[in-house]
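# Examination of the molecular architecture
Now for the letters of each chain:
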Amino acid sequence: MKILVTGGAGFIGSHTVVELLNAGYEPVIIDNFANSNPSALAGLRQILGQDVPFYDADCNDSEALNAIFEKENFQGVIHFAAHKAVGESVAKPLMYYRNNLNSTVLLLETMQKYGVPNLVFSSSCTVYGQPEHLPVTEETPRLPAQSPYGNTKAICEDIIRDTVHAGTPIKAIALRYFNPIGAHPSGLIGELPLGVPGNLVPFITQTAAGIREKLTVFGSDYNTADGTCVRDFIHVVDLAKAHVQALRLLDSREEAGYYDIFNVGTGQGNTVLEVIRTFEEVNDLKLNYTIGPRRPGDVEKIYAQVDKVNDVMGWRAEKSLAEGLQDAWRWEQNLQLKKSIVAG
Ligand code: WQD
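Residues numbered from 1 in each chain as written. Predicted model: local features only at pLDDT ≥ 70, side-chain atom pairs only at ≥ 80, totals over all residues. Heavy atoms only, no water.

In total, this model carries 4 aromatic pairs according to the counting rule given. Ring centres of F69 and Y114 lie 5.9 Å apart, and the angle between their planes is 35°; this geometry places the pair in the tilted category. In this pair, F69 is assigned in helix α3 (residues 62–71) and Y114 in helix α5 (residues 93–114), connecting sequence segments 45 residues apart. The buried category is assigned to F69, whose relative accessible area is 2%. Look at Y114 and you get partly exposed, because its relative accessible area is 25%. An aromatic cluster of at least three residues, connected via ring pairs, comprises F69, F74 and Y114. Across the ring face of F262, the terminal group of K308 is positioned such that the distance to the ring centre comes to 5.0 Å. (Phe/Tyr/Trp six-rings, centres within 6.5 Å; stacked < 30°, edge-to-face > 60°. Helix = DSSP H or I, 4+ residues; strand = E, 2+ residues; numbered from the N terminus. Buried < 20%, exposed > 50% of the residue type's maximum accessible area, 1.4 Å probe, protein only. Lys NZ or Arg CZ within 6 Å of the ring centre and 35° of its normal.)

Below, the structure written as structure tokens:
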């Protein structure tokens with residue numbers, strides 16, 4: 001069963017390609033490397049022992065998309081491709097609205113045209129903003145997004161929902177990710193932030209690798225156990241497996257008009273300082289960090305209620321925070337080793 005994976009050379013996309021093949025699906029990648037690197041395809045080849053069919057194309061390119069759908073007979077699409085940097089989206093909102101919304105509309109139109117039934121959409125817990133009650137459930141009202149990026153995720157959810165409910169043969173699931181971390185245990189694929197990492201864990205691993213002089217913890221005066229923010233950190237391999245489970249659920253639903261939303265997290269919250277301490281313990285090192293001012297727009301505390309994804313989708317997180325931080329560090333060390341070999 002062929003599955004189109006848009007953004008399949010990216011962090012979550014590449015890990016999902018591995019799990020799709022492990023589950024007997026035939027993934028086909030489309031990626032324009034706007035936020036990824038061709039090296040991910042080499043890593044996939046080493047893990048899988050085979051090349052994954054790949055198209056170097058933009059999901060906003062209607063001609064390219066039609067040619068690919070014409071050639072391939074897809075049974076489903078997993079749509080990762082999007083700009084995803086919160087800070088950048090505030091500075092360049094139109095770039096985010098055009099890219100993230102237009103690609104989703106075009107994908108839906110092309111799926112309709114070629115009769116492709118199943119869509120899994122990469123959404124984000126950012127649609128909740130700062131929830132009043134924790135843990136957040138899928139019924140927790142979406143708050144005005146904290147950024148244009150988060151707004152594009154909420155709007156894309158609505159575009160997909162309305163398209164499915166308009167009587168098209170498309171069935172869809174939106175997965176609201178919490179904080180993806182870690183890497184494939186082989187150390188051959190992982191997170192490849194372009195430039196200075198915005199996210200916590202890649203900044204930690206680059207600090208431990210000596211690329212960054214120190215980590216700044218953004219705020220220690222929050223109303224939490226140790227004053228630092230709380231997040232639900234989910235291992236990227238667990239998250240990848242959730243996409244396979246979502247496809248299986250879509251395959252099992254015959255009725256047209258099926259659309260549902262699932263929180264995909266561990267159901268546990270950890271503070272930033274707990275992440276740092278765990279990273280130091282499991283990797284037996286000391287991290288150079290300092291406490292700095294809050295980062296504007298940060299949510300104080302958020303973690304998922306996962307009853308629905310556990311009970312309805314039949315998926316639950318299996319890997320621990322410690323495993324995620326070990327795998328992230330192994331990946332970073334491999335990355336630096338490769339760079340040093342290339343540099344000669
Ligand atoms: C986590 C915590 C920071 C960096 C964002 C998006 C979300 C998803 C994941 C795309 C916060 C603190 C961070 C640093 C720090 N992205 N931190 N020092 O903001 O929870 O979520 O990325 O899908 O949609 O909103 O993740 O990793 O940036 O921050 O103290 O150098 O780590 O303040 O409390 P975030 P993050």
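Below, the discussion takes up the UniProt feature "domain: NAD(P)-binding" (unreviewed entry) in the chain. UniProt's feature table lists "domain: NAD(P)-binding" (unreviewed entry) at residues 4–327, given in the numbering used throughout. Across residues 4–327, the secondary structure splits into 40% helix and 17% strand, with the terminal C-alpha atoms separated by 27 Å. (UniProt positions renumbered as here; feature names shortened; annotations may be inferred.)

So, on to the site of the ligand. Around the ligand sit 18 residues in total, of which S124, Y149, L200, R231 and D298 are the nearest. Between the ligand and D298, the relevant distance is 2.6 Å, taken from an oxygen atom to a side-chain nitrogen or oxygen of the residue. About the coverage of the ligand: the protein hides 90% of its 690 Å² of free accessible area. Looking at the shell around the ligand, the elements with two or more residues in it are α7 (200–208) and β8 (215–218). Sort the elements by how many residues they give to the shell around the ligand and β8 lands first, with 4 residues. Per-class residue counts for the shell around the ligand are 9 nonpolar, 6 polar and 3 charged. (Near = heavy atom within 4 Å. Polar contact = N/O pair within 3.5 Å; in protein donor to acceptor, adjacent residues only side chain to side chain. Areas by Shrake-Rupley, 256 points an atom, 1.4 Å probe, with all protein chains shown as cover. Nonpolar A, V, L, I, M, F, W, Y, C, P; charged D, E, K, R; others polar.)

This part covers the side chain of D31. Mapped onto the secondary structure, D31 falls in strand β2 (residues 26–31). An unpaired buried charge is present at D31: no salt bridge exists, and K84, the closest side chain of opposite charge, is 13 Å distant. A distance of 2.9 Å separates a polar side-chain atom of D31 from the backbone nitrogen of A9. The residues touching D31, leaving out its near neighbours within four places in the chain, are G7, G8, A9, G10, S36, F54, Y55, D56 and A57. (Lys, Arg positive; Asp, Glu negative; His and termini not counted. Salt bridge = Lys/Arg side-chain N within 4 Å of Asp/Glu carboxyl O. Contact = heavy atoms within 4.5 Å.)

Counting buried positions over the 9 residues of α7 gives 7, a clear majority of the element. Residues V201, P202, F203, I204, T205, Q206 and T207 constitute the buried set of α7. At its buried positions, α7 is contacted by β7 (179–181), β8, α9 (272–283) and α11 (321–343). One or two steps after α7, the chain reaches G210, where phi turns positive at roughly 85°.

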